[in-house]
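Letter by letter, the chains look like this.
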Amino acid sequence: MDLGNLRQSSQFRLLSLLTKIAPNDVLKDLVIHEDLMKPIDLVSGARLLREQGVDKMFKLASVAPPWKNYIRLYFIPSVYAVAENVAQQLKRHEVEKTVSYHIIVVPKVLTVIHSFFESLGVLDFVTLHSYSWDFIPLDSNLLSLELHHLFKASFLKEENSLLTSVAKALMSFECLLGKFSCVMMLGEKSQRVHNLMNAWKKEIQPNFPVETEFTHLIMLDRNIDFVSLLLTQLTYEGVLDENLKVKSGFVYLDADGVEGPQRLMLNATSDEIYGEIKGKHISAVFQHLSKKAKELQQKRDIKNTDSIEEMKNFVSHDLKKIQSQQKSLALHISACEIVMKRQAGILEELLELQEDAMSGTKMKEYLAFLEDSVARQFDLATILRLCCLYSIMEDGLPEKEYQLLQRQLLQAYGYRHLATLHYLQRLGLFNQRDSKMISLEPLLPDRFARAASLRSEHIPFRKICQRLNLLPVDESSQANPCAKSGQHPSYVFGGVYTPLVYHLVEKCVREKEPSLGDYVRCFGNNLRIGDCSHPQSSARGKVLVCFIGGVTLAEVASLDLLSRQLGRQIVVATTSTISGPDFMESIASQHTDT
Amino acid sequence: MSIGVPIKVLHEAEGHIITCETNTGEIYRGKLVEAEDNMNCQMTNITVTYRDGRVAQLENVYIRRVQKLQVLDLPQEEENQPFLEHKLHVEEEELEEEVQEAGHLEINLQDLKVTVAPSGGPIAVVRDDTKLTPVQTSGKPIIFIFSPSGELKSTIKWSGGKIVEINWSSSEELLCIQDDGSVSAYDIFGNYQNSFQMGQEAREMKIIDARTFPSSTGTGLVVLTTNFRFFVVNNIKDPRIRRFPDIPGVNIAPSCWTAIHGDDRQTRVIVAKEKDIYLLDYSEQHVAQKIPEISHHHLSIIAMAVSPCSKLVALLTDAGVIWIGAFDFRRKFCEHDAQCMLPAVQLVWCGSGAVVLNLGSVLLVLSPNRDNFTLILDSTSHVCPEVDGLRIITNSSHEFLQKVPLPNQEIFRIGSMSPGAILVEASREFQKRSHRAEEYIRLVKNQLELAVTQCIQAAGNEWQPTVQKVLLRAAQLGKSFLFDKVDSELFVGICQTLRILNAVRNYKIALPLTFQQYEQLGKTGLLNRLILRRQYTVAIQICQFLQMSEADGIPRVLTEWACYKIKHGLGKLDAEQLASEISAKLGTGSKVSYSSIALKAIECKQEKLAIRLLDFEHRASEQIPLLLKLGQEPQALAKAVESGDPNLIYYVLVVMKETYSADKFYMTIRHYPSVNALYAKLCRTIQMGSLEQIYEQEDNFNAQAILSVKDSYRAQKLENRSAMLTTAVKQYRQAKAEIAASLTEDQLKLLKTQSGYESKFGCPAIDVSLNDTLKLLMRRRDIKETEEMVKKFKVPERRLWWLKVTTFAEIGDWAELEKLSRLKKSPIGYEPFVDVCLQYNNITEAQRYLPKVEEHLSIKYYVKAKLYTEAAQIAFQRRDTEALHYVQSRCSSNRDVVDMINSLIAKLANPSESQNKR
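About the criteria used
Residues numbered from 1 in each chain as written. Chains lettered and ligands numbered in written order. Predicted model: local features only at pLDDT ≥ 70, side-chain atom pairs only at ≥ 80, totals over all residues. Heavy atoms only, no water. Contact = heavy atoms within 4.5 Å. Buried area = accessible area lost by both parts, 1.4 Å probe. Salt bridge = Lys/Arg side-chain N within 4 Å of Asp/Glu carboxyl O. Helix = DSSP H or I, 4+ residues; strand = E, 2+ residues; numbered from the N terminus. Expected span 1.5 Å × (residues − 1). Buried < 20%, exposed > 50% of the residue type's maximum accessible area, 1.4 Å probe, protein only. Pairing = 2+ DSSP bridges. Axes fitted to C-alpha atoms, helices over the stretch in contact; angles between N-to-C directions.

A closer look at the interface of chain B and chain A
Taken residue by residue, the interface counts 56 residues in chain B and 49 residues in chain A. Together, the buried faces of chain B and chain A total about 4,700 Å²; carbon and sulfur atoms form 54% of this surface. Our enumeration of links across chain B and chain A arrives at two salt bridges. Elements supplying a minimum of two residues to the side of chain B that touches chain A: α18 (633–643), α19 (646–659), α21 (673–686), α23 (701–714), α24 (718–734), α25 (738–761), α26 (770–779) and α28 (797–811) of chain B. Ranked by residues supplied to the side of chain B that touches chain A, first place goes to α21(B) with ten residues.

Quick notes on helix α8 (residues 448–461) of chain B
All names here are of chain B. The terminal C-alpha atoms of α8 lie 20 Å apart, and with 14 residues this matches the ideal 20 Å at 1.5 Å per residue to within 8%. Those residues of α8 not exposed but buried are Leu448, Ala451, Val452, Gln454, Cys455, Ile456, Ala458, Ala459, Gly460 and Asn461. Buried residues in α8 make contact with α5 (406–412), α6 (419–431), α7 (436–444), α9 (465–482), α10 (488–505) and α11 (515–532).

Structural notes on the sheet that holds strand β18 (residues 256–261) of chain B
All names here are of chain B. Pairing in this open sheet of four strands is antiparallel, and the strands run β18-β19-β20-β21 from one edge to the other. Taken across any chain shown, the strands that pair with only one partner, and hence form the sheet edges, are β18 and β21 (286–290). Along the sheet, successive strands turn relative to each other by an average axial angle of 20°, direction set aside. Where β18 and strand β19 (residues 267–273) come together, six bridges link them in antiparallel fashion. Pairing of histidine 261 across the sheet is with threonine 267, part of β19.

Description of the sheet that holds strand β8 (residues 182–186) of chain A
All names here are of chain A. Strand order in the open sheet formed by seven strands is β6-β7-β14-β13-β9-β8-β12, with mixed pairing between adjacent strands. Both outer strands of the open sheet, β6 (136–139) and β12 (527–529), are each paired with one neighbouring strand and no more. Across this sheet, the average inter-strand angle for adjacent strands is 20°, counted without regard to direction. The pairing of strand β9 (residues 214–221) with strand β13 (residues 542–548) spans seven bridges and is classified as parallel. Looking at the pairing, leucine 217 lines up with leucine 544 of β13. Set on the sheet, helix α25 (residues 553–566) makes contact with β7 (142–144), β13 and β14 (570–574); between it and β14 the angle comes to about 160°.

Describing α23(B)
Residue and element names in this part refer to chain B. Here α23 spans 20 Å end to end across 14 residues, near enough to the 20 Å set by a 1.5 Å rise per residue. Of all 14 residues in α23, eleven are buried; the element is thus mostly enclosed. Of all the residues in α23, the buried ones are Asn702, Ala703, Gln704, Ala705, Ile706, Leu707, Ser708, Val709, Lys710, Ser712 and Tyr713.

Right, here's the structure in full:
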């Protein structure tokens, strides 16, 4: 099966929308909002857009671009502020009669936006369209909806409207590739998505293909396992994401991740070398790359000595491949260099601390280090991750330390981060122990807190880890032999933690009758098993793991390992990829409420 | 001697009612008992019309050598062919019933105003006020509605004003037009549907005449007022009244008039006043006088009719002359002196090919090419034009007159040698297993395709299933010789259509549609008709048979059924019962639109039932608007949340915001976190309401405080910001969040100090963190202020040291750094000192602090400072081989050091050896 089908279906809908707006031979200008550029590029690519008559393409700015044609398209997310921006441009622009504007809203034209344009009285030359893409394949085993603000909207603000997009995407996945025979949900949002899917199935009664390749759907909320987000990822792709920020499958190696020519496309199907190293522990990557470099050099050298006939053959076939490999090799090496430089100072300390946090030892020193690092003005995201990790593993901070740390953080990083701390608390990431008594707790009405986190029947995460066996068995074995070799899934976090999703999927898939007693005990109502119709026929089917709220690349790597171990393909579908720094920065950003 | 085709036809007609004309010119109409091969016929129940027009009844007749079978001998303009008589397939008993029914009510068409719905529709009759009749019932008229098979469907006891006209609309609604211009519509079952007015002028002036006409959008209506003005409505569903221009000339009643709705979608009225004809045009507000070329002398035009195709007009003059021409009166097709003595009752078109003049019991059939004949009926009749023919209703019968369609003519004409006819013959022989079949087939070999098409088409036009079968069998036989050359879809389509037509023609359903009428009506049209007749079962079976799409197939029928059920179950059953009955029938998985059923329930004031029914609706987008309409906001909100569609939630919110009081609004939405969140978002983006208000409502001081804090960062002026922060402190206090409150107070203090610095130093100092402020002070070497700040904000010592170390290094104040190190023992150790020195590449300064670094870290720090020799020395002193290896690994580029370390390692490994050497 080809996951490219998904891309094609999104592509088809996009192109036919463009054709509907104006025939292909009519030239049109296109303005794209920044957030949509990458996904649209992945869905269709500039060449196909040009074939549909797109002439000039601009990035949405505060002022209207220099138009060239009479049909003008805007591509914007369904965000009110952006719509206002567009309206400003329309207003300022003296509207000629021959010009028509088309605003394509992703994923859906909201009534608010529609009535806004209506109130401006521009709807006679402005047409609103809705467009949403399906899961976009970023890699052979990774699908993403590229909805980066879903986490914040759904988990922080309980604003669940984006979940419909997820449900819709899953529906079209089913329509294209067959119905899942076994659905498993962990988390409130997952259940909500599943309910939406069921409601729609009732409503539209779509025809599913008879043959299904994917038998299992396992849906998981991001807030079930925050630890995977807080720990430092140690796979190559994870490291890249944490340090250079992978944007829709691309990494920019120019200074500070600015988009420039030094572009690295992270796709294992097109880049062989990347496929080999993406899941590797970072310490093994450099070795591998240097070995690879030598091999390539050898290949070239050997060939140089051959006869003319073979030489010709070599030039026409292998040379190109070798050259492209060399090129990508060079990029990977420079990526490694940048990463190494960035992490040089602190990585070891960090890893040590994380190990302590996971094992629950040396907690005093841990807190002292936190205080010190605040004084040393470490990167805020890094410190917050450590704080949250502690809070989660120890089920909150002791009252005194909690207050102290709060004061320190605010004094060091600015008072405005009071809101940041408040958000973290709401997510259940940064709490005082025995949360009923504390001061910051009722920042929101109780039901918010209850709905947002798992406070109501709270089971400490450490208990969960122990019950599910996610922590290394032998605590003394610091240098877990499997950690770096990549035989044990915990290698993605340097051997300190096995991603919960690995364990869950293994449990669900490996056994005929999944015994999920442990999970029921840990998560209670958050776990739901949907229609499990044919467990026996599903023995060899593929598995789709869907993350609501984002997935870390380390988790993807661990599932990749599981897939190799089981000999069953596991595909990860997610609302977006997410990494610790990214996550913290978005929480701490000043625009959280807009 | 073989039997020829015509004789066969005669045999076929046995048992049917036929009309024979003898060579003496007498016309015999009756049941054919037996026909002989030599064309002698025996008939019973005869009505005979002699040449002088006398009519007599005879029991039995035996006719020798029939000369002229009217069935067959009119090639162009047709006639009452036995096969076409509807009566034939209404069973005999039913016929009697019809007569009985009519007899019982003593209905006599002579005294009645009759109106017949087009396309095989029902018949409505009411007493004709203009005729004198003995009073049988009360003064108020009663309208009787009969099905086409004569079954009395309903009666309407008229209680309104004087009825000017009753007429059927194209959707089978009976329009009763009163003299005050009000029009009421009733369905077949006599249920009142709706009504509308024809405007003020019509009401005041009263109307004297009204006509309906088929328009492009439905049914149109024209009324004539007493002051001889025409008012027209083009579509009765959407009555927009237009006044037509006045008729010129003397203000007297027009002698006759009619409305014409052409292909250009314009309605015009043709009026005859004595002998003048005017064409009233609304769109151009213009009256044109038309002068048709009538050669016979006449004083006035007394009747006119427009053909179903709206292109031809027929006029009848007082002298009994019929003129047929184009509707613009420029072209004349024919003029015929009908020489009729009796006053004409009706002038109508039979299809678009002939004009029929109804003289009561005699019909004169005239066509533009002058093929005229007379048709004599048993009693007074009423005729009704259809697109392809004419329906004739007498006191006891209901017949259909049509021009025999071409394929049927070709096949059944006496002595026809058309391919179709021969193919039918071949098929007949084939049935008999006779070798002649082969001969016949060979005859038409070259035209087999035409023959098959003819047969198929003819079958479609036939009424009798047996004849249909004969033709279809012939077509099938022909097809088998053509292999795949014939499009089988035509054949299958006709079979399918005939199956349906035969079913609905049954007297119980009573929808005598011709093939052509069905084509015009369409599948949906037919379904509509069945639904109007409450024939839900048949409708569903037809849907299944035709495999109609979900949208207009079974679900629609079921919905209509449920609506009917609600309307009629009213009062008999309670809401609960009704709802469960409906849902039991409709099921939940089907695509039935419960919302439209609920809408019906709302119309019938059955709110409770509607709410129950809406529970079954699974399309939230349909369900929610209705729930809101019913005032079920909480339920609507719950459903909107379930659907997850933000647009729906928004919709409900807007409605609730309007209808609810603020308190109730907040109390309702507080139960739904996602609604709350959406509302909060709307508050922020489009100022739908105030966010503070929600929090106040909730006594949620914390959220208010956060809001204040966030707002404070948006404020430009310092005073505003301070004010907001002060509010935040108050709110935190209310929320009993003491830490947060004290933190906010700190911030206020800080802001104040910062603003002081800003004015003092003249550099931006506001809006940075405490740490940065301290750094700023240190950078300015303002020790006093720094001390003060530290005291004020209780900065811990460790942090202060860190700050000092980093800041001093940053500004390169190494002396100050040294001073710090000497001040007292560093609480943060001396490693940071080394680190900062190294950061700024100051090895010499770093060396100053290296000895003070804690022992277990010292080697690492020497290495960090790239002082490998020293590091190696220390390691050696500690006899730590591992550390030596570590140092070595770090300085691999420096040969000398590596060698040195190697020797040191060797020394450690073999202390004895080295001692020996010594």
